[in-house]
Amino acid sequence: MSILKIIEYGNPVLREPCKEVSKISKKIKTLAMDLLDTMYKANGVGLAAPQVGVNLRMFVIDVSDPKGPINPTIFINPKIIKKTGAINSYEGCLSFPQAYTNVRRYSNVTIKALDIHGRPFVMEAKNGELLARAIQHEYDHLDGKLFIDHCRNRFEANQVLQKYNLPPVEEDRLIDEEFLEDEIVKYELEHPEVVEQQRKEQETDE
Ligand code: ZN
């Protein structure tokens, strides 16, 4: 078990699409354990292989209460097979120390993957819960995409990135999500109390 060095935004490694895992070897099992150790050490809820410089389609997630027992899940060669609904997600990333911004996400996702024994499993995450957002966030890493590519406001995102001495958003990487944005705005207009709650939570973070 080892703590690995987490690659930071600006390093081109984070933009490279990853390759499928061809065999769940001892090396892959060790990598899974190292990813978990590294994620826990950094107080993260997810970590993908490219974030430690390994170009393979694999990530780990644990969204359980940090005060309770651990509940890790390892995803190998994952595929999101269904995504519906839209939600605002205030996100950060271990490759972007301390920088958080509002991004667009689907609220419900279904993912299939292989576990550490090579057995297939399917996982469903709903209602914009942390698990649903973490799955989309980590899955993106495998395709060289980053959370800021989904930012709802590039000016707000750039302000935050600058504050933490990180490079600005890459304009040509911004993902066109007009449909998601429309859905989120519609939801926010109908639920002003949710927007107010989110605003308060973000203030306490700053
Ligand atoms: Zn990340």
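Residues numbered from 1 in each chain as written. Predicted model: local features only at pLDDT ≥ 70, side-chain atom pairs only at ≥ 80, totals over all residues. Heavy atoms only, no water.

Trainee: Could you give an account of the coordination of the zinc ion, naming the residues involved and the relevant values?
Mentor: Coordination sphere of the zinc ion, protein contribution only: Cys-93 (SG), His-137 (NE2) and His-141 (NE2), at 2.1 to 2.2 Å. Look at where the donors of the zinc ion fall in the sequence and you get C-x43-H-x3-H. Of the two residues, Cys-93 is situated in strand S4 (residues 87–93) and His-141 in helix H2 (residues 130–142); the sequence distance between them amounts to 48 residues. When its relative accessible area of 2% is taken as the criterion, His-141 is described as buried. (Donors = N, O, S within 2.8 Å, 3.2 Å for Na, K, Ca; no water. Helix = DSSP H or I, 4+ residues; strand = E, 2+ residues; numbered from the N terminus. Buried < 20%, exposed > 50% of the residue type's maximum accessible area, 1.4 Å probe, protein only.)

Trainee: Any details on the environment of Pro-97? Residues and values, ideally.
Mentor: You can see Pro-97 is positioned in strand S5 (residues 96–105). Of the residues examined, Pro-97 reaches a relative accessible area of 32% and is grouped as partly exposed. Considered as a pair, Pro-97 and Lys-23 are 74 residues apart in the sequence and their alpha carbons are 32 Å apart. Not counting residues up to four positions away in its chain, the partners in contact with Pro-97 are Glu-8, Tyr-164 and Leu-166. (Contact = heavy atoms within 4.5 Å.)

Trainee: Could you give an account of the nonpolar core, with specific residues and numbers?
Mentor: Residues Phe-59, Ile-61, Phe-75, Ile-111, Met-123 and Ile-135 are the most contacted members of the largest nonpolar core, which totals 17 residues. Elements with a contribution of two residues or more to this core: strand S2 (58–61), strand S3 (73–84), strand S6 (108–114), strand S7 (120–125) and H2. With six residues, the top contributor of residues to this core is H2. Not counting chain neighbours up to four residues away, the residues in contact with Phe-59 comprise Leu-47, Ala-48, Thr-73, Ile-74, Phe-75, Pro-78, Ile-111, Ile-135, Glu-138, Tyr-139 and Leu-142. (Core = buried A, V, L, I, M, F, W, Y, C linked by side-chain atoms within 4.5 Å.)

Trainee: Residues and numbers for a nonpolar patch on the surface, please.
Mentor: Residues Val-45, Val-63 and Leu-130 make up a contiguous nonpolar surface patch of roughly 180 Å² in combined accessible area. Among the structural elements, Val-45 can be located in the loop between helix H1 (26–41) and strand S1 (46–48). (Patch = residues over 30% accessible without salt bridge, like charges linked within 9 Å, V, L, I, M, F, W, Y side chains within 5 Å. Areas by Shrake-Rupley, 256 points an atom, 1.4 Å probe, with all protein chains shown as cover. Salt bridge = Lys/Arg side-chain N within 4 Å of Asp/Glu carboxyl O.)

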